[in-house]
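Chain and residue survey
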Amino acid sequence: MIQSILLIGGSGFIGSHLARRLAARGLRVTVATRRRERAKHLILLPTVEVVEADVGDDAALARLCAGQDALVNLVGVLKGGNGDPYGAGFARAHVELPARLGRAAWAAGIPALAHVSALKAAADAPSGYLRSKAAGENAVRKAFPNTTIFRPSVVFGDGDSFLTMFARLLKYAPVLPLASPDARFQPVWVGNVADAIVEALLRPEAEGKTFELCGPRQYSLRELVEITSLVTGRRCAVVGLSPLLSWLQAFALEVAGGPMTRDNLRSMSVPNVCEAGNTLPFNLAAAALEDVAPRYLGRPSR
Ligand SMILES: NC(=O)c1ccc[n+]([C@@H]2O[C@H](COP(=O)([O-])OP(=O)(O)OC[C@H]3O[C@@H](n4cnc5c(N)ncnc54)[C@H](OP(=O)(O)O)[C@@H]3O)[C@@H](O)[C@H]2O)c1
């Protein structure tokens, strides 16, 4: 019976929703963060403890793991540098850390480990992000064979950085030059992702399995921006860029430290959609983006 759960990367978007759901069930949650400030929105939850810790330090990790019934790894980065097979930032966050978490959990005798990877992670994927996510899955399973792995498509919901970023851009740009407008996604609601993790932690039969997580519908990137425009009431002309212009835009934003890199663009060349009929486990009902987005994107103030 699981009673105490350690979240690594729990201060982030998915982790915060997960912490709230676990706390709502009365489970004890420890959120480890590199900066307590980042997790201050969780401090007041009744059964949640926020602990500032350096998860790069094995002794600190061992202290965090002691007495826990489950560990969930939610650490991820979208910018990890360039390199073959992946940049150093991806290696650290997506491969080396999961391996160390797996070893620490195993050494501490933690019964369950859940690891959040990404849909279409593969050793031969076109981006360092996806290749490092695949290597991370192997690394964590090597250290902790019964790791349960989740592979979400892009995740939407209150606090996301995907639709919210487009909503912000639409506020200022009457014309939006959009890279990879035909890229395919099957966005999944963050509440569904959190519920899937909670269910898996509570069901021994989920141990060692890999779950893809997708929403009910597939969209092109252009459609997602258009839905954001409709929901927010921010009218905007979306101009789809050619592959060359998409690359140039990604390169310019990468150099300027903007919201996109060439590696992100390479990730988008793979349709980020689930295999047919494979959307959510445990009979969870997939929430529709059209129903949820208006609740948090809202309408602009005039
Ligand atoms: N959001 C999506 O659409 C999406 C889609 C597919 C897969 N995923 C995966 O789902 C997981 C959670 O995503 P998210 O959107 O919740 O991410 P997020 O909001 O960026 O949160 C990730 C957390 O990881 C921690 N972190 C980042 N780099 C770290 C490092 N080098 N060492 C230690 N901790 C580090 C940060 O915690 P502190 O700063 O507090 O330490 C941060 O709060 C990630 O693995 C991500 O790749 C997300």
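Keep in mind the model is a prediction, meaning the values are calculated, not measured.

Notes on the overall build of the protein chain
Within the protein chain, the secondary structure is distributed over 10 helices and 13 strands. In terms of overall dimensions, the protein chain is globule-like: its C-alpha atoms have a radius of gyration of 19 Å, near the 19 Å expected for 302 residues. Along the first, second and third principal axes, the C-alpha set of the protein chain runs to 55 × 40 × 40 Å. Out of the 302 residues in the protein chain, the part that is buried amounts to 47%. Here the analysis covers contacts within the protein chain between residues at least 6 apart in sequence; of these, 74% occur between residues at least 24 apart.

With respect to the sheet that holds strand β1 (residues 4-8)
Read from one edge of the open sheet, 7 strands run β3-β2-β1-β4-β5-β6-β11, paired in parallel fashion. Only two strands of the sheet have a single neighbouring strand rather than two, namely β3 (48-52) and β11 (210-213). Each strand axis lies, on average, 20° off the axis of its neighbour in the sheet, ignoring direction. Strand direction decides the pairing type here: β1 and strand β2 (residues 28-33), joined by 5 bridges, are parallel. Each residue of the ladder has a partner; that of S4, found in β2, is R28. Here helix α3 (residues 88-108) sits on the sheet in contact with β1, β4 (70-73) and β5 (112-116), set at roughly 180° to β4.

So, the site of the ligand
Within the structure, the ligand sits among 25 residues, and G9, S11, G12, T33 and G76 are positioned closest to it. At the level of secondary structure, the elements contributing two or more residues to the shell around the ligand comprise α1 (13-24) and α3. Residues that form the shell around the ligand fall into these classes: 15 nonpolar, 6 polar and 4 charged.

Concerning the packing of α1 against helix α6 (residues 190-202)
Taken N-terminus to C-terminus, the directions of α1 and α6 make an angle of 55°; their axes are 9 Å apart at the nearest point. One way to sum up the angle between α1 and α6 is to call them oblique. In the crossing of α1 with α6, the sense of the turn from one axis to the other is right-handed. From α1, F13, I14, H17, L18, R21 and L22 reach across to α6, where they touch V190, G191, V193, A194, D195, I197 and V198. For the contact of α1 with α6, the class distribution of residues is 9 nonpolar, 2 polar and 2 charged.

A short note on the domain arrangement of the protein chain
Here the domain parsing of the protein chain yields domain 1 (4-156 + 187-213) and domain 2 (163-183 + 218-271 + 287-297). Placing a centre on the C-alpha atoms of domain 1 and another on those of domain 2 gives a separation of 27 Å. Tallying the contact residues gives 15 residues for domain 1 and 13 residues for domain 2. Of all elements in the fold, only α4 (128-143) and α6 reach the threshold of two or more residues within the side of domain 1 that touches domain 2. No other element matches the 3 residues that α4 contributes to the side of domain 1 that touches domain 2. Its residues placed into classes, the side of domain 1 that touches domain 2 shows 8 nonpolar, 5 polar and 2 charged.

Focus: the environment of A183
Counting through the fold element by element, A183 comes out in the loop between β8 (175-178) and β9 (184-185). Look at A183 and you get buried, because 21 C-beta atoms sit within 10 Å. Separated by 36 residues in sequence, A183 and Y219 have C-alpha atoms that sit 8.3 Å apart. Look past the residues within four positions of A183 in its chain and what remains in contact with it is S220, L221 and M268.

With respect to unusual backbone geometry
Note on backbone geometry: most residues besides glycine have negative phi, and most peptide bonds are trans. Of the consecutive residues D84 and P85, the connecting peptide bond is found in the cis state with omega at 5°. Of note, P85 is situated in the loop between β4 and α3. Positioned with a positive phi, S180 is a non-glycine residue whose angle comes to about 45°.

Some points on the environment of V116
With respect to the secondary-structure elements, V116 resides in strand β5. Between the C-alpha atom of V116 and that of I14, which follows or precedes it by 102 residues, the distance is 9.6 Å.

Let's talk about helix α2 (residues 58-65)
Within α2 the residues assigned to the buried category are L61, L64 and C65. The buried residues of α2 occupy one face: seen down the axis, they fall within an arc of 95°. Those residues of α2 that are buried are in contact with β1, β2, β3, β4 and α3. G67 occupies a position one or two residues after α2 and carries a positive phi of about 80°.

Quick notes on the nonpolar core
In this structure, L7, L71 and I197 are the most contacted members of the largest nonpolar core, which totals 92 residues. Counting residues per element, this core draws most heavily on α6, at 8 residues. Summarising the domain contributions, this core has at least three residues from each of domain 1 (4-156 + 187-213) and domain 2 (163-183 + 218-271 + 287-297). Every residue in contact with I197, bar those within four places of it in the chain, is listed here: L18, V72, A114 and F150.

Rules used throughout
- Residues numbered from 1 in each chain as written.
- Predicted model: local features only at pLDDT ≥ 70, side-chain atom pairs only at ≥ 80, totals over all residues.
- Helix = DSSP H or I, 4+ residues; strand = E, 2+ residues; numbered from the N terminus.
- Rg over C-alpha atoms; globule rule 2.2 N^0.38 Å.
- Buried ≥ 20, exposed ≤ 12 C-beta atoms within 10 Å, placed from the backbone.
- Contact = placed C-beta atoms within 7 Å.
- Pairing = 2+ DSSP bridges.
- Axes fitted to C-alpha atoms, helices over the stretch in contact; angles between N-to-C directions.
- Near = placed C-beta within 6 Å.
- Nonpolar A, V, L, I, M, F, W, Y, C, P; charged D, E, K, R; others polar.
- Parallel < 35°, antiparallel > 145°, perpendicular 65-115°, else oblique.
- Left-handed = near helix turned anticlockwise from the far one by under 90°.
- Domains from an automatic or database assignment.
- Arc of directions from axis to C-beta.
- Core = buried A, V, L, I, M, F, W, Y, C linked by C-beta atoms within 7 Å.

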